[in-house]
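# Structural overview for review
Letter by letter, the chains look like this.
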Amino acid sequence: MAVSMTTLTSSLSSLSFSSKISPEPHAALSFSRSKNPLLSSTANVKTTARLGVKASSAAVAEPSEAVDVEEPVNLMKYVKSRLPGGFAAQTIFGTGRRKCAIARVVLQEGTGKVIINYRDANEYLQGNPLWVDYVKYPLMALGYETSYDVFVKAHGGGLSGQAQAISLGIARALLKVSEIHRAPLRREGLLTRDSRVVERKKVGLKKARKAPQFSKR
């Protein structure tokens, strides 16, 4: 036991401790997030990326907004410039009716544009190919699909009835261009007014002819 204590004492005496201890042990260690080059460069990259994304989105959004806002106004101005005095002052016109729809049509020499209620025909008729064919068929029957511009004011009924009313109006307007068009248009059945309408509902029935189900018990 004595030997072990002596050995321990000699080993402790051989160790040297520095008596100079800094009163502020953490004074030499100073961390500054703003002065760190790695963090500052990362922040600059993120800020630049955000600004770039905002600038690109703004650049993309501005043209689309301009088109959505400006196109109807320009189209209305275009129609008014082509039709001085309005629809009633034009010479080549025709009126078509179908069901509850009424369409007033004006033809002018052009490239085949069809404008319905100051909107493009495909947009107004919701891109339905059947309705678009109704409108363009009189011009196609005579080979005038790229010779005239069509301007239409339509109201009443649905899009199907309006499309067929426009077809009749265009056919009648083509008669104002030349009486020679009557025979081919008549041959295609484009000058016949379709007088079919929905039959009125009857008393005691659900519709014009549909009756309620009969039950014995």
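Residues numbered from 1 in each chain as written. Predicted model: local features only at pLDDT ≥ 70, side-chain atom pairs only at ≥ 80, totals over all residues. Heavy atoms only, no water.

### Here we look at helix α5 (residues 159–177)
Where we set the bar: Each helix is a run of H or I in the DSSP string that is no shorter than four residues. Each strand is a run of E no shorter than two, and both are numbered from the N terminus. Any helix carries an expected span of 1.5 Å times its number of residues minus one. Exposure categories follow from relative accessible area, calculated using a 1.4 Å probe and restricted to protein chains: below 20% of the type maximum is buried, above 50% is exposed, and the middle band is partly exposed.
End to end, α5 covers 27 Å across 19 residues, agreeing with the expected 27 Å (1.5 Å per residue, within 8%). In terms of burial, α5 is a largely internal element, 15 of the 19 residues being buried.

### Some points on the pattern of salt bridges
Quick reminder of the rule: Only one rule defines a salt bridge in this text: a Lys or Arg side-chain nitrogen within 4 Å of an Asp or Glu carboxyl oxygen.
Counted according to the given criterion, the structure contains seven salt bridges. R196 serves as the salt-bridge partner of D194, at 2.8 Å between the closest nitrogen and oxygen. Among the ionic pairs, E199 bridges to R209, the shortest N-O distance being 3.3 Å. Of this pair, E199 sits in the segment after α6 (182–187) while R209 sits in the segment after α6; the two residues are ten residues apart in sequence, bridging distant segments of the chain. Residue classification places R209 among the exposed positions, given a relative accessible area of 68%.

### Concerning the confidence of the model for the protein
Quick reminder of the rule: pLDDT: the predictor's confidence for each residue, scored from 0 to 100. Contact definition: two residues touch when any of their heavy atoms are within 4.5 Å.
Confidence in the prediction of the protein, expressed as mean pLDDT, is 80, and 66% of residues score 70 or more. Predicted confidence for residues 17–23 stays below pLDDT 50, and this span has zero contacts to residues more than four positions away or in other chains. Segment residues 34–40 is flagged for pLDDT under 50; beyond a separation of four residues in sequence, or across chains, it makes two contacts in the model.

### Some remarks on the side chain of S167
For S167, the position within the fold is in helix α5. Overall, S167 belongs to the buried group, its relative accessible area being 9%. When near neighbours in sequence (up to four residues on either side) are disregarded, S167 contacts Y134, P138 and L190.

### Observations concerning the pairing of strand β1 (residues 93–98)
Where a strand is regular, its side chains alternate between the two sheet faces. The criterion, for reference: Note on pairing: two strands pair once DSSP finds at least 2 bridges between them.
Judged by which residues are buried, β1 turns out to be one-sided: G94, G96 and R98 face inward and are buried, whereas F93, T95 and R97, on the alternate face, are not. Here β1 pairs with strand β2 (residues 101–109) via six bridges, running antiparallel. By the bridge assignment for β2, G94 is matched with V105.

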